[in-house]
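Here's the letter readout for the chains.
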Amino acid sequence: MESGPAIFAGAVFTVFGAAMLLWTGARVMHRAPVAEGVRPAVAVPLAVLAGAVFLALGVWCFAHI
């Protein structure tokens with residue numbers, strides 16, 4: 001019964017983290033702003049860090065099923 005919420009949380013975190021990394025990569029490739037009104041030198045590393053953290057959290061949830 002407890003594995004259901006862990007599977008759901010793992011799926012959500014993994015999909016969100018992967019999507020954030022793909023979106024950030026696409027924005028950087030097209031030289032478009034990652035966050036409106038924020039310097040790219042600040043926005044890109046923070047977005048990549050957030051995406052990696054969510055991806056790792058999703059993998060961690062799957063590892064504890």
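## Here we look at unusual backbone geometry
In this structure, Arg 31 takes a positive phi of about 55° despite not being glycine. Tracing the sequence through the fold places Arg 31 in the loop between α1 (3–29) and α2 (40–63).

## Topic: α1
The end-to-end C-alpha distance of α1, which contains 27 residues, comes to 38 Å, matching closely the 39 Å that a straight helix rising 1.5 Å per residue would cover. Within the span of α1, buried status applies to Gly 10, Gly 17 and Thr 24. Of the surrounding secondary structure, the elements contacted by the buried residues of α1 are α2. Among the residues trailing α1, Arg 31 stands out with phi positive, at a value near 55°.

## Some thoughts on the packing of aromatic side chains
According to the stated counting rule, one finds two aromatic pairs in the structure shown. For the ring pair Phe 13 and Phe 54, a centre distance of 5.8 Å and an interplane angle of 35° mean the geometry is tilted. Highlighted residues: Phe 13 in helix α1 and Phe 54 in helix α2, separated in sequence by 41 residues. What makes Phe 13 partly exposed here is its relative accessible area of 24%.

## Quick look at the environment of Leu 49
Here Leu 49 is to be found in helix α2. It is 8.9 Å that separates the C-alpha atoms of Leu 49 and Leu 21, two residues lying 28 residues apart in sequence.

## Details of α2
The end-to-end C-alpha distance of α2 is 34 Å, a good match for the 34 Å that 24 residues give at a rise of 1.5 Å each. For α2, the complete set of buried residues consists of Ala 43, Ala 47, Gly 51, Gly 58 and Cys 61. The secondary structure elements touched by the buried residues of α2 are α1.

## Points about the packing of α1 against α2
At their nearest, the axes of α1 and α2 sit 7 Å apart, and the two run at 155° to each other. As the angle between them shows, α1 and α2 are arranged roughly antiparallel. Considering how the two elements wind past one another, α1 and α2 form a crossing that is left-handed. Here the contact of α1 with α2 is composed, by residue class, of 21 nonpolar, six polar and no charged.

Definitions and limits used
- Residues numbered from 1 in each chain as written.
- Predicted model: local features only at pLDDT ≥ 70, side-chain atom pairs only at ≥ 80, totals over all residues.
- Heavy atoms only, no water.
- Helix = DSSP H or I, 4+ residues; strand = E, 2+ residues; numbered from the N terminus.
- Expected span 1.5 Å × (residues − 1).
- Buried < 20%, exposed > 50% of the residue type's maximum accessible area, 1.4 Å probe, protein only.
- Contact = heavy atoms within 4.5 Å.
- Phe/Tyr/Trp six-rings, centres within 6.5 Å; stacked < 30°, edge-to-face > 60°.
- Axes fitted to C-alpha atoms, helices over the stretch in contact; angles between N-to-C directions.
- Parallel < 35°, antiparallel > 145°, perpendicular 65-115°, else oblique.
- Left-handed = near helix turned anticlockwise from the far one by under 90°.
- Nonpolar A, V, L, I, M, F, W, Y, C, P; charged D, E, K, R; others polar.

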